[in-house]
Amino acid sequence: MPTISAVRSTSARPIRHDVGPALINAVNTIGPNTDNPTIDRMAENISANLKRSGVKDTRWAHELLYQMRGTHLGVAGDRARFIANVGKGVKLGVIGPRGQSTLLSKVGAAAKAQDNRSAVENSIIKNQPQPRSRDAFQMPWFRSGSGDTWPDVFKPAQTSQRTTQRSTAVQDKPRVDVPTPKLDATIESLDKATKVMPDGVIKSSLSTVKASLELARTAEKRGDKVAYVKAIGSLAENMTSTIGEVVKRFGQDPALAEQAATQLGKIAGLLGKGVKAVGFADDLSKVLRGQSLGGRPASNGDRADAAINLVTTFLGPVGTGVGMAKAKLQWCYQHIGIPAKQALTEYGLKGLFAGRSPEQMREQIRALPANDPKRAQWVISKLFSDTFKNTSSGFSQATASSLWETFKRRELGDLNQHMSFLNEHAKTKPGEDKMVDLMRTRVAEAYQRAALRFVDAQVADAKGSWPV
């Protein structure tokens, strides 16, 4: 059985006549109820285009469209045959990489939707009340030979007329579908949104989410709680997968990603706060839209935490204490977009400065009494080894203290002579020697200015190292 990975590794010829878009349009049209004449008509149009470009073998395209319908219907093996025929089109040089990727994602979404439908239908059948087995006394062989008269020894106990009427009323009561206004509105909104979206992985993923919503609606209308729980579980799983695709492709199409995030936010309201996908959707909303699902504006800290959660989950481990190569982080930024880049930069700087933002660090440094002779020695000691901790941004092994040591050697080399002088007069108390007092304040002020430059340098490095 051919696999997707096998198809992707197939060596393809140069594209002569790309029928990928035509196939994608045809595949989008096909559903479980598409009739044969419609499929034949679409297949003939594609075959005619291929033949005009010199491709003699076109039967695979015809088969591919029928196999898409079979995948919708759950026909065994049709998905594998579809994948194989896509590979054939790639080999012939008439399906490009983008068309190949889209076709494979669409058949995968159709297969997954069918699996979900089958699971719900099986659950519905399994949980239907079973008909009562006939009482042994009602079997024909227990009846007497004289019509419907029961032998006295086998006559069942008499039941009251009221009990019989109540039983009949229960059996004859028609089953009424439960109204599902929230699900109806969500499905309608998602349907409208996906119709205008360009073909691609995000649209296919949202279509799978929609299929799960429809299964949940069917189960709720029928009052099947077990099937409803299963459908909601599938919905949460498909939402998580879709959020991952949105994160990965945000840098390529921010507007589309934001549109998808809006739809996922609407669906999250149906799942309840305890579902993991709801937390991801809330993080996505904070990063892309600058506000939570509930409409509360997201602060810089909220946005940073949300971005790091998304990157950690969908793009690899990033966190405090985890060394990460700058090249990999750049790749993350390119694929998650500018808002997340800014949030991650703030997160990294906050980690570097032991939980303080750059502005908080500047305020702390400026507040040190460097010009006070009585406290200047304490300021020097504070700035020398205590202000910048042994903490990292999480994106590099370098710590703030090691970076500060390097910075001091480069920026404060001319203070060595002054430091030697102060070391010689370390026991001199403030007020005892004006020369020592003056030297202490000058060194403290020089350290203070250098520390502020160091903070600025780390901010510039964090913001300037990433692609815009």
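Bear in mind the structure is a predicted one, so any value in this text is a computation, not a measurement. (Residues numbered from 1 in each chain as written. Predicted model: local features only at pLDDT ≥ 70, side-chain atom pairs only at ≥ 80, totals over all residues. Heavy atoms only, no water.)

S.K.: I would appreciate a short explanation of the overall build of the protein chain in the present structure.
M.R.: The helix and strand tally for the protein chain stands at 20 helices and 0 strands. Expressed as a percentage of the 468 residues in the protein chain, the buried residues total 43%. When contacts within the protein chain are restricted to residue pairs at least 6 apart in sequence, long-range pairs at least 24 apart make up 68% of them. Accessible surface, the protein chain: about 25,400 Å² in total, of which carbon and sulfur atoms supply 52%. (Helix = DSSP H or I, 4+ residues; strand = E, 2+ residues; numbered from the N terminus. Buried < 20%, exposed > 50% of the residue type's maximum accessible area, 1.4 Å probe, protein only. Contact = heavy atoms within 4.5 Å. Areas by Shrake-Rupley, 256 points an atom, 1.4 Å probe, with all protein chains shown as cover.)

S.K.: Would you mind showing me how to read the environment of Leu73 here?
M.R.: Looking at the element boundaries, Leu73 is found in helix α4 (residues 59-73). Here the alpha-carbon distance between Leu73 and Ala110, two residues 37 residues apart in the chain, equals 9.1 Å. Sequence-distant contacts of Leu73, that is, excluding residues within four places in its chain, are made with Pro32 and Gln114.

S.K.: Explanation requested: the nonpolar core in the structure shown.
M.R.: Side chains of nonpolar character tend, in soluble globular proteins, to be buried together. By size, the foremost hydrophobic cluster in this structure holds 48 residues, and its most contacted members are Met239, Ile243 and Leu284. Not counting residues within four places of it along the chain, the set of residues in contact with Leu284 comprises Ile243, Val246, Val247, Ala261, Leu264, Arg289 and Leu310. (Core = buried A, V, L, I, M, F, W, Y, C linked by side-chain atoms within 4.5 Å.)

S.K.: Explain the packing of helix α9 (residues 201-222) against helix α11 (residues 254-271) to me, please; I cannot follow it from the model alone.
M.R.: Two quantities define a packed helix pair, namely the angle between the axes and the distance from one axis to the other. It is the contact of α9 with α11, at a shortest axis distance of 11 Å, that shows an interaxial angle of 15°. Judged by the inter-axis angle, α9 sits roughly parallel to α11. Read as a crossing pair, α9 and α11 show a hand that is left-handed. Of α11, the residues touching α9 (which contributes Ile202, Leu206, Val209 and Leu213) are Leu256, Ala260, Leu264, Ile267 and Leu270. Looking at side-chain class alone, the contact of α9 with α11 contains 9 nonpolar, no polar and no charged residues. (Axes fitted to C-alpha atoms, helices over the stretch in contact; angles between N-to-C directions. Parallel < 35°, antiparallel > 145°, perpendicular 65-115°, else oblique. Left-handed = near helix turned anticlockwise from the far one by under 90°. Nonpolar A, V, L, I, M, F, W, Y, C, P; charged D, E, K, R; others polar.)

S.K.: Teacher, can you tell me more about helix α5 (residues 78-92) here?
M.R.: Counting along an α-helix, one turn takes 3.6 residues, and residues three or four places apart therefore face a common direction. With 15 residues, α5 should cover 21 Å at 1.5 Å per step; its first-to-last C-alpha distance of 21 Å lies within 8% of that length. When α5 is considered as a whole, its buried residues turn out to be Asp78, Ala80, Phe82, Ile83, Asn85, Val86, Gly87, Gly89, Val90 and Leu92. Within two residues after α5, Gly93 carries a phi angle of roughly 80°, on the positive side. (Expected span 1.5 Å × (residues − 1).)

S.K.: What should I look at first to understand the packing of aromatic side chains in this one?
M.R.: Tallying each qualifying case throughout the model produces 7 aromatic pairs. Each ring, one from Phe353 and one from Phe388, has its centre 6.4 Å from the other, and the planes form 50°; the classification is tilted. Of this pair, Phe353 sits in the loop between α15 (338-352) and α16 (358-366) while Phe388 sits in the loop between α17 (376-386) and α18 (400-411); the two residues are 35 residues apart in sequence, bridging distant segments of the chain. In terms of burial, Phe353 and Phe388 fall into one category: buried. Here a set of aromatic residues connected by ring pairs shows up, and it is made of Phe353, Phe388, Trp404, Phe407 and Phe454. Directly above the ring of Phe384 sits Lys408, whose terminal nitrogen or CZ lies 3.6 Å from the centroid. (Phe/Tyr/Trp six-rings, centres within 6.5 Å; stacked < 30°, edge-to-face > 60°. Lys NZ or Arg CZ within 6 Å of the ring centre and 35° of its normal.)

S.K.: I would appreciate a short explanation of the side chain of Lys210 in the present structure.
M.R.: Mapped onto the elements of the fold, Lys210 is located in helix α9. The contact partners of Lys210, leaving out residues within four places of it in the chain, are Ile187, Leu190 and Asp191.

S.K.: Looking at this structure, I do not really get the packing of α16 against helix α20 (residues 434-464). What am I missing?
M.R.: At a minimum axis distance of 10 Å, the contact between α16 and α20 shows a crossing angle of 175°. By the criterion of interaxial angle, the relationship of α16 to α20 is roughly antiparallel. Touching Pro358, Met361, Arg362, Ile365 and Arg366 of α16 are Gln448, Ala451, Leu452, Val455, Asp456 and Val459, all from α20. Grouping the amino acids of the contact of α16 with α20 by side-chain chemistry returns 7 nonpolar, 1 polar and 3 charged.

S.K.: Looking at this structure, I do not really get unusual backbone geometry. What am I missing?
M.R.: One can expect most non-glycine residues to show negative phi and most peptide bonds to be in trans. In the Ramachandran plot, Ala354 falls in the positive-phi region, its phi being about 55° despite a non-glycine side chain. One can find Ala354 in the loop between α15 and α16. Its relative accessible area of 43% is what places Ala354 among the partly exposed residues.

S.K.: Quick question: what am I supposed to make of the confidence of the model for the protein chain here?
M.R.: Reading fine detail from the predicted coordinates is not recommended where pLDDT is low. A residue-level look at the protein chain finds 78% of positions with pLDDT of 70 or above and a mean pLDDT of 78. Looking across the protein chain, the model is least confident in helix α1 (residues 4-8), with a mean pLDDT of 38, and most confident in α16, with 95. Note on residues 319-323: pLDDT is under 50 here. Beyond four places in sequence and across chains, it has 11 contacts. (pLDDT = per-residue confidence, 0-100.)

S.K.: Would you mind showing me how to read the environment of Leu190 here?
M.R.: Note on placement: Leu190 falls in helix α8 (residues 181-195). The exposure class assigned to Leu190 is buried, which follows from its relative accessible area of 0%. Once the C-alpha coordinates of Leu190 and Ile267 are considered, the two residues, 77 residues apart in sequence, prove to be 8.8 Å apart. Aside from chain neighbours lying at most four places away, what touches Leu190 is Leu206, Val209, Lys210, Leu213, Gln263 and Ile267.

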